[in-house]
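# Architecture and fold: a report
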There are 2 protein chains.
Amino acid sequence: MAPTDPASDATGAPESDLAVARATDPRPIEDVAADLGLSADDVERRGDGVAKLTHAAVREAVGGAAGAGDGASAADAPGELDGTTVLVTGMSPTPKGEGKTVTTVGLGQGLAELGERTAVAVREPSLGPVFGIKGGAAGGGYSQVLPMEAINLHFTGDIHALTSAHNLLAAALDNRLHQGNDAEIDARRVHWPRALDVNDRALRETVVGLGGTASGVPREDEFVITAASELMAVLGLASDLEDLKARIGRIVLAVDADGEPVTPDDLGVTGAAAALLRDAFRPNLVQTVEGVPAFVHGGPFANIAHGTNTLVADRVGAALADYLVTEAGFGADLGAEKFGNIVAREGIVPDVAVVVATVRGAKRHGLEMWPTDFDALAEPDPGAVRAGVDNVAKHVSIAESFGIPTVAAINVFGDDTEAELAALEEAIADRGIPVARSTAYRDGGAGATDLAELVRERAGTGSFSPLYDVDAPIREKIETVAREVYGAAGVEYVDGAADDVERVEGWGYGDLPVCLSKTPYSLSGDAARTGVPEGWTLTIREVTPSAGAGFVVAKTADVMTMPGLPAEPAAEDIDVDADGDVTGLF
Amino acid sequence: MAPTDPASDATGAPESDLAVARATDPRPIEDVAADLGLSADDVERRGDGVAKLTHAAVREAVGGAAGAGDGASAADAPGELDGTTVLVTGMSPTPKGEGKTVTTVGLGQGLAELGERTAVAVREPSLGPVFGIKGGAAGGGYSQVLPMEAINLHFTGDIHALTSAHNLLAAALDNRLHQGNDAEIDARRVHWPRALDVNDRALRETVVGLGGTASGVPREDEFVITAASELMAVLGLASDLEDLKARIGRIVLAVDADGEPVTPDDLGVTGAAAALLRDAFRPNLVQTVEGVPAFVHGGPFANIAHGTNTLVADRVGAALADYLVTEAGFGADLGAEKFGNIVAREGIVPDVAVVVATVRGAKRHGLEMWPTDFDALAEPDPGAVRAGVDNVAKHVSIAESFGIPTVAAINVFGDDTEAELAALEEAIADRGIPVARSTAYRDGGAGATDLAELVRERAGTGSFSPLYDVDAPIREKIETVAREVYGAAGVEYVDGAADDVERVEGWGYGDLPVCLSKTPYSLSGDAARTGVPEGWTLTIREVTPSAGAGFVVAKTADVMTMPGLPAEPAAEDIDVDADGDVTGLF
């Protein structure tokens, strides 16, 4: 069996993502750009098969500022985007994920098979997880984006640029503390952490500024993984460079002696941070294994931030393609809710949504088991699968509550039994939900044409609107999400969260949308509760402004913003040979 | 006066480096590559005017491993490199520098004016200084490398890749401490810091691993700027990817309970770190303002490391061009000494050297003033200039002690008086040193043709050999550098440095060359002493192995490996406009 023939084993399943990637002969990236009507001058090569759009091309495609840049613009701002926007979301996932990226890429390829001019948009992989827990973040099998090795290792440097800009702001803040502190920054109330794109638990809680008077002011500090930086969310929502600067300038870095916010504008370093991000703002263009244009851009934490790829990539894709397929993090309660209530206000509205369901996911919700009990999930159990469809239906109804026509996609895994697949498909259809299977991992776009036809049929049949008015009080907006999306019976505020709300509204951030941080593994606030939990209360523990990103974060639990490495990190399996070929990424 | 006409002011001097850069119409980078006999397939575009050579092109140009990769190979290994290697070094500099990069680029352009196929090689700028103290690191005026903004901001991401690889090693080490510590790492003796490419004094001394049992093992830690990472030196000296891996694998990260080194090989993460550096290893090709091919690659600290651009860029340049002009950090006592005793053993030998002298530098050494007393240096004083030539002559003799024919270049500044320039030129010539003025900043290559002719005349008239045998004991090698290069009367070991030598030799690193860390502002160990100090003793305070880089570092003072930001950082002047154009870099 030749290593360059990935489809030659008995089951017809790909040998490995790497083998598929290496067996593919990619098109010149200028040809891919031409599919979207972009000329060679509109893109700048960043290695083989990778390009960044020029600032001019972005402006030509989508104009200047999309929304008002303050999170308060009208939901229907992007009337000028001709393409159909397909939002891929999912049921409450297991920790291994239900294959949303594979389905996104596969659906894009499926629509292309139907003759539609299509682009997909997915997030950039973070190095932390790549070297931590084995697994790529660029789809898989015959539904992945290329060049896989480059995308997973540094790519075009966007995340590194964010790390640099983030830490420049931190250094400027500590420098001000050191050089006389005329801004009267309270060293006990510095909210801005430092950031690194690595899984490194030893950096979660630190003390900096030790070593005497020449080495700064001692204080407690923490590091977050770069994807958790507010700057990543800023990049993800900025409409142009001017908007990017305005957003950076108003980030709340710390609090001064009077209890007022200290911002990059106060420190005079907004322009420098923006200069570091000038290229990171430009969308990256690559291609899928089947040569469909793919934007891989941004990647904010899908927990304390909105967790989608960038607004600018989505807008460019929707402007240039007939169909843009984009994904949102976790289930519809998180990613789709945030897309609808946060991202859509900045200038992109979903015309149709896809809720990805799997046999494994449905079984977990039918069996009421702990999300990490994967061994138990391996046992075939069509009855459990059927029982778990309540969860799928609830996620479909969340997307529909925004007025987005929604279909279900069953992402087929190699070890799913036909009995379970049939049970899942029938139970979904029984609830009146349009459903199609996707075998895009194994078959590429050809495995997603049924889904593509369903999506094409339903797209544009709804009328989108966000669930709440941004001018409503913060508590009212949180209440709306808790009750109408999560299905909570009520909301309680603990640990000073009620005071937080008052402070945030006092600072003038009361009219921003809210971004709730909650476990993705349950519709409720408790990861152990499966199905569609009822009669529970959502607990809010902390409320903080992400004034640059343009939302107010409400945390329901401690959020792990710096992962750790496992006992046997994936790094131990990764290697590079004398030719520069990398192994062990998948 | 049009902003695009940089040479239109009264004196004929450039308006600004940025204006020169913007007024230039660069050649397609493939055409620049063709000057060196490289085809379009040999380079991979990384943005407009920037390319990385492919691994295959590097191998084709210089073959596989250059030296033995262990610092012990023969000095004359690179017999196969056809081109003439010109090493640009300098007198003892002032903190503002004597224009070594401008002279390097200008001389390259001057040789091209004479019809020679020429390439230059300079270091990659670090973001820390770019945002700290105003000033670029890519030459200036009509002797700079382009595209200036991209080179100064992220460039091809090499330094970011080093940051990632460095911190992956750190995370793997702390993870091992946390996950049971079967390697028996002594948490009190972790030598491997963390690294960031930022000026941030608050990170000099830290405590990490706080926050309880889930967040690692508490210990003291420090951050260095990425250029000071041993990995940067490793990248700078590796001959190919296999050699890069071998070097990474033997880095001493920490010491175990038995006092033995703990390495990346012990942790199983050598391959992962090398994978992160696979593209960083590939030389970056850009061009000068006059279209001469320029390699901008690497940038190790010129203090605790050897401080040149990469061996691979130098070797490729010397293989493909008739003349390669490359620079070494600080004066000949530091950069040229390390080039001769460390870099040359890995496979590149200088055929001729240039010692850059300035009116300002000579005056400082004639007046015996503190290196930062710039106001006093502004006063014209030909007598002081003449008196300072002792220092220039000593640096010339250091280069010649390696058997390298050496000339002096006077880098002319706009405010130099003719009386001072004439005094400097005559005093140098009076000592029998070939000398030429260079006005390359103002005039580009045309201002460096006299220097180019002198260089061409002298090149290859010597016979190179390092100053010591690598098999000699560490103390003997340090003694050789102290006496024969610095002019010290003797060497003393304090603070346990004598024990350090025994430990390093006990670990088996006794046969590596030595890399002395000393103030660049004086030939002696005391920055305040000017001219050619005599009768002094060099104090060695610490001796540590850089086993991956392949040398033993001997520190003569505390070395600042993490700079701080000044009270008014350059970052406050940097901005980006709506088109992505950056201002304030120069």
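Residues numbered from 1 in each chain as written. Chains lettered and ligands numbered in written order. Predicted model: local features only at pLDDT ≥ 70, side-chain atom pairs only at ≥ 80, totals over all residues. Heavy atoms only, no water.

- Naming follows an unreviewed UniProt entry, where chain A appears as Formate--tetrahydrofolate ligase of Halorubrum distributum JCM 9100.
- In its Catalytic activity (unreviewed entry) section, the UniProt record describing chain A reads: "(6S)-5,6,7,8-tetrahydrofolate + formate + ATP = (6R)-10-formyltetrahydrofolate + ADP + phosphate". (UniProt positions renumbered as here; feature names shortened; annotations may be inferred.)

### A short note on the interface of chain A and chain B
- Residue-level contacts link 71 residues of chain A with 71 residues of chain B.
- Here chain A and chain B share an interface that buries about 5,800 Å² over both sides, 59% of which is from carbon and sulfur atoms.
- The largest per-residue losses of area from chain A upon contact with chain B belong to R201(A), R278(A) and V576(A), which jointly make up 10% of the total buried on that side.
- Where chain A packs against chain B, one counts six salt bridges.
- In this structure, D579(B) engages R59(A) in a salt bridge whose closest nitrogen and oxygen atoms are separated by 2.9 Å.
- Linking chain A with chain B are 35 residue pairs in polar contact (both at pLDDT 80 or more), by the criterion used here.
- For the side of chain A that touches chain B, the element with the highest residue contribution is helix α7 (residues 158-178) of chain A, accounting for eleven residues. (Contact = heavy atoms within 4.5 Å. Buried area = accessible area lost by both parts, 1.4 Å probe. Salt bridge = Lys/Arg side-chain N within 4 Å of Asp/Glu carboxyl O. Polar contact = N/O pair within 3.5 Å; in protein donor to acceptor, adjacent residues only side chain to side chain. Helix = DSSP H or I, 4+ residues; strand = E, 2+ residues; numbered from the N terminus.)

### Here's the deal with the environment of E572(A)
- As for its placement among the helices and strands, E572(A) is situated in the loop between β24 (551-555) and β25 (575-576).
- By relative accessible area, E572(A) is classed as partly exposed at 34%.
- When the C-alpha positions of E572(A) and G132(A) are compared, they lie 9.3 Å apart, and in sequence the two are 440 residues distant.
- When neighbours within four sequence positions are excluded, E572(A) is seen to be in contact with A567(A), R176(B), L267(B), G268(B) and V269(B). (Buried < 20%, exposed > 50% of the residue type's maximum accessible area, 1.4 Å probe, protein only.)

### What about the sheet that holds strand β12 (residues 254-256) of chain B?
All names here are of chain B.
- The strand order across the open sheet built from three strands is β7-β12-β13, with neighbouring strands paired in antiparallel fashion. The open sheet has two edge strands with one neighbour each: β7 (185-190) and β13 (261-262).
- As defined by bridge partners, β7 adjoins β12 across two bridges and the pair is classed as antiparallel. Opposite I185, over in β12, you have D256 as the bridge partner.
- The strands touched by helix α7 (residues 158-178) are β7, β12 and β13; relative to β7, the strand with the most contacts, the crossing angle is about 130 degrees. (Pairing = 2+ DSSP bridges. Axes fitted to C-alpha atoms, helices over the stretch in contact; angles between N-to-C directions.)

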